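So the chains spell out like this:
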Protein chains: 2
Amino acid sequence: MAWIGIDIGGTFIKGGLVADDGRVERTARRDSERFDLTALSAKIDDLVGELGADAGPRGIGVGAPGLVSNASVDFAPNMPALNGRDLAGIVGSRTGLPAVVRNDADMNAWGEFLAGAGQGVTHMVCITIGTGLGSGVIIDGKLHGGASGYGAEAGHIVVDPDGGPCCCGGRGCLETLVSAPAIVRRVEDALGKGRRSVLADGEAVTAKRVSEAATGGDELSVDTLSETGRYLGIGLTTLINVLNPEAIIVGGGVAAAGRLLLDPARREVDARAYSRLSQACRIVPAALGSDAGMVGAALFAMEYLGKASGRRHPAPAG
Amino acid sequence: MAWIGIDIGGTFIKGGLVADDGRVERTARRDSERFDLTALSAKIDDLVGELGADAGPRGIGVGAPGLVSNASVDFAPNMPALNGRDLAGIVGSRTGLPAVVRNDADMNAWGEFLAGAGQGVTHMVCITIGTGLGSGVIIDGKLHGGASGYGAEAGHIVVDPDGGPCCCGGRGCLETLVSAPAIVRRVEDALGKGRRSVLADGEAVTAKRVSEAATGGDELSVDTLSETGRYLGIGLTTLINVLNPEAIIVGGGVAAAGRLLLDPARREVDARAYSRLSQACRIVPAALGSDAGMVGAALFAMEYLGKASGRRHPAPAG
């Protein structure tokens, strides 16, 4: 039995044919379409055709950026094509397969929970750091949806009440301090003040280049990741104190910086969080890399659409 | 069928005999014992005897301050008698009735959820503001316990990363900014700087007096509650963005200040939270007053001990 998982990003649409046990049998991708829904859904249809041609997939799970309720993509500032759209309905009618849509960071979390670094855990948070900071929360073995299905927007924990504006309308949110743009901004500010760095070569600064330079020992880059990690640690402290999770899994492009980001975050958590709660919580890197979203989306489709078509799972004991 | 609920505070031990439907049939109280476990358990036994004498209660639920795991009171900085104690075992063997112990703010939340301002809601947070700031979170109709059973310690959301020390070992936690001691500190600081107020009469400043003076129009007291409310609003913003609840219920002694505290908190939430999420969430005063804890503890005993003795509730649909 196989399911198709689709992860819609700003750059690529990635898809995978995933077996019931989370094994990825086949992958494919297309360039993304941020503004044109017709072109986007044609590409998804094409991708589904390539992945599922001879496999008879039972359904499609889609991870999409933005605020995704149980019904539709309600607010996708970085992906205007999706704004206010019933993406599950569109993908379903276009492909002829049942489809379900959830937030991309929720799908990353579901993938890591079932097939990655969260295996065996009951309560966890998965943070995905890239252009923004997304999150998914698993409570008692279930994906936390909340009242609207938006689930956990940990990128919008208020970390600095007097901080800069955030795309959500607030100020000083974790995402404004811990994300690729935040890292780039810190480096550019320091370069502007004349600080020496291998990045002062006139090329565009990217978070990836900062990670690489830090690994090579560039002091500005190490300091920048360390400062970013400290802010991450403040946000994780709040998550630990509020949710009492067993594990926090950190993934996404920016997390590729590894210990240069996570060690300062852990130190901040150790200094700040209620010790009984932080001792109960491991902070670990994600295991599935950029496959997490499509694996999670496929396994979520299996769970959700499988249920809808008659399968029932007993809820975990409270 | 009746159950006994006990709410252990620093000043009083309050008890109630509570019917299955949440109706309080009888109440009683004793002065508390913060340091002497033997004296404390004798008083609980005495209280249980008075409440249950001719009613044949089926079990006892206890709300206790501090970090309470599913097994015991692990850390109770304000109640040394309880520190590290298996309170459920002690109460059970002393009274001969099955007993269950949870955090007092969790029991407040459970009471408000089943019999107070949270009736009909599926996802909610209940904040209790007094000497500290406690919280309980209901997700999908269940009390959130987390990995250790400590549940939600919203008082330890980091609101001001550079703020003052907190009893949890951290800094700038919500509780250091929104609690009776925080209100008293703000007023005393202002009086020390010569600010005029009806509270500058040489009597000890208490949060209750500040509330009363504010209601009477005292400007310093109004400003103090307003500043406290703004900090509360920053903490609530994080809770709304992370949990997507339908309702946040605010209770406890300090919440008696009513709109003078809650209106500034709501304004801060409106200015800061993701609007789709804040629009989905009502912020409302608690309905059960100081009975919430004992009602919640009794109804939790009914749920928990009733289940253990064979009754089964279907889990709410996910």
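Computed from a predicted model, the values in this text were never measured in an experiment.

Conventions we followed
- Residues numbered from 1 in each chain as written.
- Chains lettered and ligands numbered in written order.
- Predicted model: local features only at pLDDT ≥ 70, side-chain atom pairs only at ≥ 80, totals over all residues.
- Heavy atoms only, no water.
- Helix = DSSP H or I, 4+ residues; strand = E, 2+ residues; numbered from the N terminus.
- Rg over C-alpha atoms; globule rule 2.2 N^0.38 Å.
- Buried < 20%, exposed > 50% of the residue type's maximum accessible area, 1.4 Å probe, protein only.
- Contact = heavy atoms within 4.5 Å.
- Areas by Shrake-Rupley, 256 points an atom, 1.4 Å probe, with all protein chains shown as cover.
- Lys, Arg positive; Asp, Glu negative; His and termini not counted.
- Charge placed at Lys NZ, Arg CZ, Asp CG, Glu CD.
- Arc of directions from axis to C-beta.
- Buried area = accessible area lost by both parts, 1.4 Å probe.
- Salt bridge = Lys/Arg side-chain N within 4 Å of Asp/Glu carboxyl O.
- Polar contact = N/O pair within 3.5 Å; in protein donor to acceptor, adjacent residues only side chain to side chain.
- Nonpolar A, V, L, I, M, F, W, Y, C, P; charged D, E, K, R; others polar.
- Pairing = 2+ DSSP bridges.
- Axes fitted to C-alpha atoms, helices over the stretch in contact; angles between N-to-C directions.
- Phe/Tyr/Trp six-rings, centres within 6.5 Å; stacked < 30°, edge-to-face > 60°.
- Lys NZ or Arg CZ within 6 Å of the ring centre and 35° of its normal.
- Least-squares fit on C-alpha atoms with pLDDT ≥ 70 in both.

**Q** Mind showing me how you'd approach the overall build of chain A here?
**A** Counting its secondary structure elements, chain A contains ten helices and twelve strands. Radius of gyration (C-alpha) of chain A: 20 Å, near the 20 Å computed for a compact globule of 318 residues. Its C-alpha atoms give chain A principal-axis dimensions of about 60 × 45 × 35 Å. Put simply, chain A has 318 residues, and 58% of those count as buried. In chain A, 62% of the contacts between residues at least 6 apart in sequence involve partners at least 24 apart. Here chain A displays about 12,100 Å² of accessible surface, and carbon together with sulfur accounts for 48% of that area. Computed over 30 positive and 36 negative side-chain charges, the inter-centroid distance for chain A is 3 Å.

**Q** What is the right way to look at helix α6 (residues 207-215) of chain A in this model?
**A** Because each turn of an α-helix spans 3.6 residues, side chains separated by three or four positions end up pointing in the same direction. Residues and elements named next belong to chain A. Every buried residue belonging to α6 is among A207, V210, S211, A213 and A214, and all of these are buried. Buried positions in α6, seen along its axis, are confined to an arc of 165 degrees and lie on one side of it. Among the exposed residues of α6, those pointing more than 90 degrees away from its buried face are K208 and T215. Each element contacted by the buried residues of α6 is listed here: α5 (180-192), α7 (219-243) and α8 (259-272). Just beyond α6, the residue with positive phi is G217, at close to 100 degrees.

**Q** For this particular structure, what's the right way to read the interface of chain B and chain A?
**A** Size of an interface, as often reported, equals the accessible area lost when the parts are brought together. On the chain A side, the residues contacting the 47 residues of chain B number 47 residues. Summing both partners gives a buried area of about 3,900 Å² for chain B against chain A, and 57% of it is carried by carbon and sulfur. Ranking the residues of chain B by area buried against chain A places V242(B), R272(B) and Y274(B) at the top, with a combined share of 19%. Taken together, the connections running from chain B to chain A amount to zero salt bridges. Viewed at the interface, chain A and chain B are joined by 20 residue pairs in polar contact (both at pLDDT 80 or more). Broken down by secondary-structure element, the contributors of at least two residues to the side of chain B that touches chain A are β6 (73-75), α7 (219-243), α8 (259-272) and α9 (275-279) of chain B. Tallying contributions element by element places α7(B) first for the side of chain B that touches chain A, with seven residues. Classifying every residue of the side of chain B that touches chain A by side-chain character gives 24 nonpolar, 15 polar and eight charged.

**Q** Please explain the pattern of salt bridges as it appears in this structure.
**A** Two side chains bearing opposite charge may form a pair once their charged atoms approach each other closely. With the rule as written, the count across this model stands at 32 salt bridges over all chains. Between E268(A) and R272(A) there is a salt bridge; the shortest N-O distance is 2.8 Å. Pair noted here: E268(A) and R272(A) are both in helix α8, with a separation of four residues, about one helical turn. A relative accessible area of 4% means that R272(A) is categorised as buried. Its salt-bridge partner being K43(B), residue E33(B) comes within 3.0 Å of it at the nearest N-O pair. Placement of the pair is E33(B) in the loop between β3 (24-31) and α1 (37-52) and K43(B) in helix α1, with a sequence separation of ten residues. Residue class for K43(B) comes out partly exposed when judged on its relative accessible area of 23%. Linked by salt bridges that have partners in common, D21(A), R23(A) and E25(A) make up one network.

**Q** I tried to follow the sheet that holds strand β2 (residues 12-19) of chain B on my own but got confused; where do I start?
**A** Across a sheet, paired strands are connected by hydrogen bonds in the backbone, their directions being either parallel or antiparallel. Residue and element names in this part refer to chain B. Pairing is mixed in the open sheet, where five strands are placed in the order β3-β2-β1-β4-β7. This sheet does not close on itself; its edge strands, each paired only once, are β3 and β7 (99-103). Ignoring which end each strand starts from, the neighbouring axes of this sheet average 20 degrees apart. Pairing between strand β1 (residues 2-8) and β2: seven bridges, direction antiparallel.

**Q** What am I meant to see in the packing of aromatic side chains here?
**A** When we look at a pair of aromatic rings, we describe it by the centre distance and by the angle of the planes. Scanning the model with the defined rule gives eight aromatic pairs over all chains in all. When the ring of Y274(A) is compared with that of F75(B), the centres are 6.0 Å apart and the planes differ by 90 degrees; the resulting orientation is edge-to-face. Of the two residues, Y274(A) sits in the loop between α8 and α9 (275-279) while F75(B) sits in strand β6, which places them in two different chains. Residue classification places Y274(A) among the buried residues on the basis of a relative accessible area of 5%. On the numbers, 5.7 Å between centres and 15 degrees between planes, the contact of F300(A) with Y304(A) is stacked. With F300(A) and Y304(A) both in helix α10 (residues 292-308), this residue pair falls four residues apart, about one helical turn. Feature note: the residues W110(A), F113(A), F300(A) and Y304(A) constitute an aromatic cluster, connected by ring pairs. A cation over a ring is seen here: R29(A) above F12(A), with NZ or CZ 3.7 Å from the ring centre. For R102(A), the ring lying beneath its charged end belongs to Y304(A), and the centroid distance is 4.9 Å.

**Q** What exactly am I supposed to notice about the side chain of T128(A) here?
**A** Residue and element names in this part refer to chain A. Tracing the backbone shows T128 in strand β8 (residues 124-129). Of the polar contacts made by the side chain of T128, one reaches the side chain of N108; its length is 3.0 Å. Not counting the four nearest positions on each side in its chain, T128 is found in contact with A105, N108, L133, G134, G251 and G252.

**Q** Where do I start with the relation of the copies chain B and chain A in this structure?
**A** Comparison of the two chain copies shows a relationship of rotation about an axis with a shift along it. Expressed as a screw transformation, the operator carrying chain B onto chain A has a rotation angle of 180 degrees and an axial translation of 0.0 Å, and the superposed copies differ by an RMSD of 0.0 Å. Such values leave the two copies arranged in the relation of a two-fold axis.

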